[in-house]
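# Descriptive structure summary
As a plain string of letters, each chain reads:
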Amino acid sequence: MGNSSSLLTQYDLEDLQNHCSHLYSQREIIALYERFCQLDRTGKGFISADEFMGVPEFAVNPLCQRLLKMLEGLNFKEFIALLSAFSARATRDDKLKFIFRVYDTDGNGKVTSSDMLQVLRDLSGSFLTDEQRQSVLTQALEQSGYTVDSALTLQDFKKVLGKADLKMDVEVPVD
C-alpha cells in the first residue's frame, strides 16, 4: 500500500474492510488512505508522532500525548483499525474497548485509580482540583461497587462507565 489511493486494489479494500469489521465503506477507506498518505510525509508507510501533531484537531486534544503512545508508528492497516472505534457504525463495546486502551497507560490489561486520575487530570486541566478529581473518581467507582484500590479489567471498566453517553463518532468525508 503505497502513497496513492490508486495503489489500493480491490483485494486490499476488502481485506481492510474485514480488518476493521466493516465499520468503514470502501469509499471511506480510500478517503482515510488518502489522508494517511498526506500525513505520512516521509512516505515510509507509517505515521510518526510529529506527523500526527500536524493535525490541528489532534494537537489540541487534551489526551494527545496519551493517544500518541497508541498511534506512534502505525501503518495504514493498524491506523484504520484504531480509528474504527470512531466510526458511526462502531458498537458501544468497540468504543469502550478503545477508551479502556486509552486509560490503561501501561498496557497491562487493568486500569487503576491512578490511571483514571491521570486521564481526569488531562481532561479537566485547571478546572478541577486534585481533591475534586479524587471525589469524582471515588463516587463513580463506589456507585459501581468498586473502591479506589480496585484495578479494573475491561469488564469492570464497562460496568463503571455504565450508561455513559459516548460521543465518539467522526464522519469521514469521502468527496
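Residues numbered from 1 in each chain as written. Predicted model: local features only at pLDDT ≥ 70, side-chain atom pairs only at ≥ 80, totals over all residues. Heavy atoms only, no water.

Looking at an unreviewed UniProt entry, the chain carries the name EF-hand domain-containing protein, with the source organism given as Ceratodon purpureus.

### A few points about the overall build of the chain
Rule in force here: Strands here are runs of E lasting at least two residues and helices are runs of H or I lasting at least four, both read from the DSSP assignment and numbered beginning at the N terminus. Throughout, exposure labels follow a simple rule: accessible area from a 1.4 Å probe, protein chains only, divided by the maximum for the residue type, with under 20% read as buried, over 50% as exposed, and the rest as partly exposed. Note on definitions: a residue-residue contact is assigned when non-hydrogen atoms from the two residues lie within 4.5 Å. In these tables, accessible area is a Shrake-Rupley quantity obtained with a 1.4 Å probe, and a residue counts as shielded only by the protein chains included in the view.
Counting its secondary structure elements, the chain contains 10 helices and two strands. Going from the N terminus to the C terminus, the chain shows its helices and strands as α-α-β-α-α-α-β-α-α-α-α-α. Expressed as a percentage of the 175 residues in the chain, the buried residues total 39%. For the chain, contacts bridging at least 24 residues in sequence account for 60% of all contacts bridging at least 6. A total accessible area of about 10,100 Å² is found for the chain, and carbon and sulfur atoms account for 52% of it.

### Brief notes about the UniProt feature "domain: EF-hand" (unreviewed entry) in the chain
The cut-off we apply is this: UniProt positions are given in the numbering used here, feature names are shortened, and annotations may be inferred rather than shown by experiment.
Mapped onto the present numbering, the UniProt feature "domain: EF-hand" (unreviewed entry) falls at residues 27-62 and 91-126. With 61% helix and 6% strand, the stretch residues 27-62 has end C-alpha atoms that lie 30 Å from each other. Summarising residues 91-126: 67% helix, 0% strand, and an end-to-end C-alpha distance of 33 Å.

### Quick notes on the side chain of Ser113
With respect to the secondary-structure elements, Ser113 resides in helix H8 (residues 113-124). Ser113 sits in the buried class, given a relative accessible area of 16%. Sequence-distant contacts of Ser113, defined by excluding residues within four places in its chain, comprise Leu137, Val148 and Ser150.

### Section: the confidence of the model for the chain
In plain terms, the rule: Confidence of the predictor at the level of single residues is given by pLDDT, which spans 0 to 100.
Of all residues in the chain, 89% have pLDDT values of 70 or greater, and the mean over the chain is 83. The secondary structure element of the chain with the lowest average pLDDT is helix H4 (residues 56-59), at 73, and the one with the highest is helix H1 (residues 10-19), at 94. Throughout residues 1-5 the model reports pLDDT below 50, and contacts reaching past four residues in sequence, or to other chains, amount to 17 contacts.

### A look at the packing of aromatic side chains
So the rule is basically this: Pairs were defined over the aromatic rings of Phe, Tyr and Trp, the Trp ring being its six-membered one, requiring ring centres within 6.5 Å. Orientation was assigned from the angle between planes: stacked under 30 degrees, edge-to-face over 60, tilted for the rest.
Tallying each qualifying case throughout the model produces seven aromatic pairs. A ring pair is formed by Phe76 and Phe79, whose centres lie 6.2 Å apart and whose planes are at 35 degrees; its orientation type is tilted. Residue Phe76 and its partner Phe79 are both found in helix H6 (residues 76-83); the two are separated by three residues, about one turn of the helix. The same class applies to Phe76 as to Phe79, namely buried.

### Focus on the pattern of salt bridges
Where we set the bar: When a carboxyl oxygen of Asp or Glu lies within 4 Å of a side-chain nitrogen of Lys or Arg, that pair is called a salt bridge.
Scanning all chains against the criterion turns up six salt bridges. Notably, a salt bridge pairs Arg89 with Glu28, separated by 3.1 Å at the nearest N-O pair. Of this pair, Arg89 sits in the loop between H6 and helix H7 (92-103) while Glu28 is found in helix H2 (residues 26-39), placing the two residues 61 residues apart along the sequence. The closest approach of N and O atoms between Asp130 and Arg121, which form a salt bridge, is 3.5 Å. Take Asp130: its relative accessible area is 42%, and that puts it in the partly exposed class. Residue classification places Arg121 among the partly exposed positions, given a relative accessible area of 33%.

### With respect to the environment of Gln118
Put simply, the rule reads: What qualifies as a polar contact is a pair of N or O atoms within 3.5 Å, subject to a donor-acceptor requirement within protein and to the restriction that residues adjacent in sequence count only when both atoms come from side chains.
Position of Gln118 among the secondary structure elements: in helix H8. The class of Gln118 is partly exposed, set by a relative accessible area of 29%. Considering only alpha carbons, one finds Gln118 and Tyr103, 15 residues apart in sequence, at a separation of 8.5 Å. A distance of 2.9 Å separates the side chain of Gln118 from the side chain of Asp122, its partner in a polar contact.

### Some details on unusual backbone geometry
The backbone phi angle of Ser21 is positive, close to 55 degrees, even though this residue is not glycine. Mapping Ser21 onto the fold places it in the loop between H1 and H2. Even without glycine at this site, His22 takes up a positive phi of about 60 degrees. Its place among the elements puts His22 in the loop between H1 and H2. Looking at His22, the relative accessible area reads 45%, which means it is partly exposed.

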